[in-house]
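Residue-level listing of the chains:
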Amino acid sequence: MEGRWMIRIPLFVFLATHVAAHVPPVSNITLHCQNFQNTLYWNYSQSSPLTRFRINIEATDNVYEPQWVDPPNFQTDISFLSNPFEEYYLTVTAVVGQNESVAAPANGTKFSYFKDSTQSDQLCYVDLPPVNVTILSGDTIEFRFLHPSLVYSHKLPGKQGNKPKKGPNTHIKKLPEFNYFVMNGQRTKHDCVSSVYESTEYTCDTHVCEEKLAVKDGQQNHCISIHGQWERVAVCSTHAYCASEQPEVPKTSWMNIPPVSNITLHCKNFQNTLYWNYSQSSPLTRFRINIGATDNVYEPQWVDPSNFQTDISFLRNPFEEYCLTVTAVVGQNESVAAPANGIKFSYFKDSTQSDQLCYVDLPPVNVTILSGDTIEFRFLHPSLVYSHKLPGKQGNKPKKRHNTHIKKLREFTYFVLNGQKTKHDCLSSVYESTEYTCDTHVCEEKLAVKDGQQNHCISIHGQWERVAVCSTHAYCAPEQPELPKTSWMNNYIYILFPLLACGAIVAILAMVYQKQTTASTSLPASMKFPGQLRQKIMGHTPLMPEQPDLSPLQASSPGVTSLLTTCEEINGNESIKDAEPDLRLTIGVSTQGGGVYGGLEETLGDEEGLDGDADEKENPSGGDQPFSGYEQRSKLVGVEMAPGDNVEGYRG
């Protein structure tokens, strides 16, 4: 079995390496680029979970990192490549592990939003805003459309749109010049990028581009097609724009055209939308939004009959107040402006002329309970969320200074309402509250709450850059479960148990160490010397070789001879014995008093056991023979076994 796996594994590795080494290239690479929305498409026939696609990007001015796409996607968004001052070159590579295909297409895909590019194979463009064509007479038509800057300028790299500002001689800032050509009688869309037709040239630098155009006598259709250039970008008609064949409109007064109704404005977070209703709409009806302002003059906005709303988010300057009315227009006739007094609004919190005050939402707030009577709240400074939407603002970005690296933000003054469980009207109502200020990126404060307060909720409102900032709802701290009163004991348990475990481990290790380093057996009690005797023996008495203790032989018969022939020898041996202690250990049975009968204690006695009167204690029988711990025979007798053969022994 192992042999089979050893054969299959190298074969699999060989096949995988062989296939990966021949990664096929991608095919059918196409690019769709229009209105600054760019999408690259391709096909791949041998995709697998290991396959990835690398988009290689080259540009005339900048360096871009390659983009990676995982299967099963065969497309990617490259809308960030929309600078009309650059030209781009793209290729796609299929990658499998360490192997990759050749880049495709071979010559790359070259494109640009620059209308006059000569290096690009594909020129990208933007659509012309909707055009309205009106017949003024049999030989004159009028067309009008919004300037492309109002639609696309925010999509240009580094652009924030063109917003009206004060100038020295005019109240309306001129927009970048839009040069365009109008082709009369063009009923179908033409290729504005590569073709040139007989046309009339115009320029426009106002919010609404409008002109009159003479048509040929007897021309049956009144259609035009427009193309031009704005900020180096090609602007093309989406189709041919034709005037509707109108029935003759009777010359009646404006009173016959009903006004619009139910006009409402929704303005919040610098997003403003105007809504209305109209009961007698027709293809000839258009709506004109009339704009009045305290500081600037604005061109009216036009809305086609299919829409009953319009975006007016460019009216968001907190230093201005605005007044809006809506007029229905049919040909040369129009309704009265509605509402009669207009809709007056502003983002200025302290405005006194506005009927409707607009505001921004407070960034999300986090509330934390620090103790029973203190909470902490924190949120991002509104500048970090909304400053880029203010007219003429690019946001607050940190800049280097002499003593600090972080620029302080504009002061945000706000009020905190304690215990407010529902959202309040921060624009018109005043509650008992605490005032704070913030000029840092994160606004955070501590707030004391009332004793016994069941909910810890706050509501916040304030003012930043003259703009009202309001809570989206009441912000409450999460309800915490009540902790048991004995919870403090858990801390001691968590500390005590580990300490006891460590102590037990140390004790076990110490016992094991002592067991390994100490003798496993000990001497019996009968073989242990008392302390004083050990000191006297080991410290004061030199060890001498033990002398044999021989008793004098007694002849049992005249024919028996003694082993010791003279008494002097016997006396000499006794004097040597008396001069040194008997170090032989006795053998005996322990007595009830703790001593050993016939043992060392009885033999030597007390501390002075080596004195001269020890003989009396050593011989319990009172005889002249010295007592030893061994069994003694009463007599040594000799026996003649045969003539000349004598033996000696003790009597039983």
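About the criteria used
- Residues numbered from 1 in each chain as written.
- Predicted model: local features only at pLDDT ≥ 70, side-chain atom pairs only at ≥ 80, totals over all residues.
- Heavy atoms only, no water.
- Helix = DSSP H or I, 4+ residues; strand = E, 2+ residues; numbered from the N terminus.
- Contact = heavy atoms within 4.5 Å.
- Buried < 20%, exposed > 50% of the residue type's maximum accessible area, 1.4 Å probe, protein only.
- Pairing = 2+ DSSP bridges.
- Salt bridge = Lys/Arg side-chain N within 4 Å of Asp/Glu carboxyl O.
- Axes fitted to C-alpha atoms, helices over the stretch in contact; angles between N-to-C directions.
- Lys, Arg positive; Asp, Glu negative; His and termini not counted.
- Polar contact = N/O pair within 3.5 Å; in protein donor to acceptor, adjacent residues only side chain to side chain.
- Core = buried A, V, L, I, M, F, W, Y, C linked by side-chain atoms within 4.5 Å.
- Disulfide = S-S within 2.5 Å.

A.B. asks: I'm lost on the overall build of the protein chain in this one. Help?
C.D. replies: Counting secondary structure elements, the protein chain contains eight helices and 38 strands. Sequence-distant contacts in the protein chain: of pairs separated by 6 or more residues, those separated by 24 or more amount to 64%.

A.B. asks: Is there a simple way to think about the pairing of strand β24 (residues 322-330) in this case?
C.D. replies: The side chains of a regular strand alternate, residue by residue, between the two faces of the sheet. Across the nine residues of β24, eight count as buried, placing the element largely inside the fold. Relative to β24, strand β21 (residues 285-293) runs antiparallel, the two sharing nine bridges. From the neighbouring strand, A293 faces β24, where its bridge partner is Y322. With four bridges joining them, β24 and strand β26 (residues 338-346) adopt antiparallel strand pairing. Paired with C323 across the strands is K344, a residue of β26. Relative to strand β25 (residues 333-334), β24 runs antiparallel, the two sharing two bridges. If you follow V330 over to β25, its bridge partner there is N333. Hairpin connection from β24 to β25: two residues lie between these consecutive antiparallel strands, with G331 at a positive phi of about 60°.

A.B. asks: Honestly, the pattern of salt bridges in this entry has me stumped. Any pointers?
C.D. replies: Pairs can form between side chains of opposite charge once their charged atoms are near each other. As enumerated under the stated definition, the model contains nine salt bridges in all. Among the salt bridges present, the one from D70 reaches R52, with a minimum N-O distance of 2.8 Å. With a gap of 18 residues between them, D70 in the loop between β4 (67-69) and β5 (75-77) and R52 in strand β3 (residues 51-59) connect regions that are remote in the sequence. Among the salt bridges present, the one from R288 reaches E334, with a minimum N-O distance of 3.0 Å. With R288 in strand β21 and E334 in strand β25, this residue pair connects regions lying 46 residues apart in the sequence. Given a relative accessible area of 16%, R288 falls into the buried group. Residue E334 is classed as partly exposed on the basis of its relative accessible area of 30%.

A.B. asks: I keep staring at the sheet that holds strand β29 (residues 366-371) and nothing clicks. Help me out?
C.D. replies: Strand pairing in a sheet is mediated by backbone hydrogen bonds. Such pairs are either parallel or antiparallel. Taken in spatial order, the three strands line up as β29-β30-β33 in an open sheet, and their pairing is antiparallel. Edge positions in the sheet fall to β29 and β33 (442-448), since each of these pairs with one other strand and no more. Between one strand axis and the next, the sheet turns through 20° on average, direction left out of account. Sheet analysis places β29 next to strand β30 (residues 374-380), joined by five bridges and oriented antiparallel. By the bridge assignment, V367 is partnered in β30 with F377.

A.B. asks: It is not clear to me how the sheet that holds strand β12 (residues 140-146) should be interpreted in this structure. Could you clarify?
C.D. replies: In spatial order, the strands read β11-β12-β15; together these three strands make up an open sheet with antiparallel pairing. Of all strands in the sheet, those bounded by a partner on one side alone are β11 (132-137) and β15 (208-214). Averaged over neighbouring strand pairs, the angle between their axes works out to 20° when direction is ignored. With seven bridges joining them, β12 and β15 adopt antiparallel strand pairing. For I141, the partnering residue across the bridge sits in β15 and is L213.

A.B. asks: Which parts of the structure should I look at to understand the side chain of E86?
C.D. replies: Residue position: E86 is located in the loop between β5 and β6 (88-96). No salt bridge is formed by the buried E86, whose closest oppositely charged neighbour, R232, lies at an N-O distance of 10 Å. When neighbours within four sequence positions are excluded, E86 is seen to be in contact with A59, T60, D61, N62, Y64 and S112.

A.B. asks: Honestly, the environment of E87 in this entry has me stumped. Any pointers?
C.D. replies: With respect to the helices, strands and loops of the structure, E87 is situated in the loop between β5 and β6. Spatially, the C-alpha atom of E87 lies 7.7 Å from that of Y113, the residues being 26 residues apart in sequence. Other than its neighbours up to four places away in sequence, E87 contacts E58, A59, T60, F111, S112, S117, Q119 and S120. Here S117 takes part through its side chain, which lies 2.5 Å from a polar atom of the side chain of E87.

A.B. asks: Help me understand the pairing of strand β19 (residues 261-268) in this model?
C.D. replies: In this sheet, strand β20 (residues 271-277) lies alongside β19 in antiparallel orientation, the contact comprising six bridges. From the neighbouring strand, S261 faces β20, where its bridge partner is N277. Hairpin connection, β19 to β20: the antiparallel pair is bridged by two residues, and N269 has positive phi, about 55°.

A.B. asks: For this particular structure, what's the right way to read the nonpolar core?
C.D. replies: Within soluble globular proteins, side chains that are nonpolar tend to cluster in buried spots. Among the nonpolar cores identified, the biggest contains 51 residues, and L274, F377, Y414 and I458 are the most heavily contacted of them. Broken down by element, the residue count for this core peaks at five residues, all from β24. Grouped together as the second largest cluster of nonpolar side chains are 48 residues, Y88, C204, W230 and V235 included.

A.B. asks: Explain the state of the cysteines to me, please; I cannot follow it from the model alone.
C.D. replies: By definition, a disulfide links the sulfur atoms of two cysteines through a covalent bond. Tallying each qualifying case throughout the model produces six disulfides. Put simply, C267 and C358 are joined by a disulfide, and their sulfur atoms are 1.9 Å apart. Linking C267 and C358, the disulfide has an S-S dihedral of approximately -85° and is accordingly described as left-handed. With C267 in strand β19 and C358 in the loop between β27 (356-357) and β28 (359-361), this residue pair connects regions lying 91 residues apart in the sequence. Of the two residues examined, C267 and C358, each falls in the buried class. Put simply, C438 and C443 are joined by a disulfide, and their sulfur atoms are 2.0 Å apart. Disulfide C438-C443: the torsion about the S-S bond is -85°, which places it as left-handed. Accessibility expressed as a relative area gives 6% for C438, which makes it buried.

Treat this as a map of the structure, not an account of what it does.
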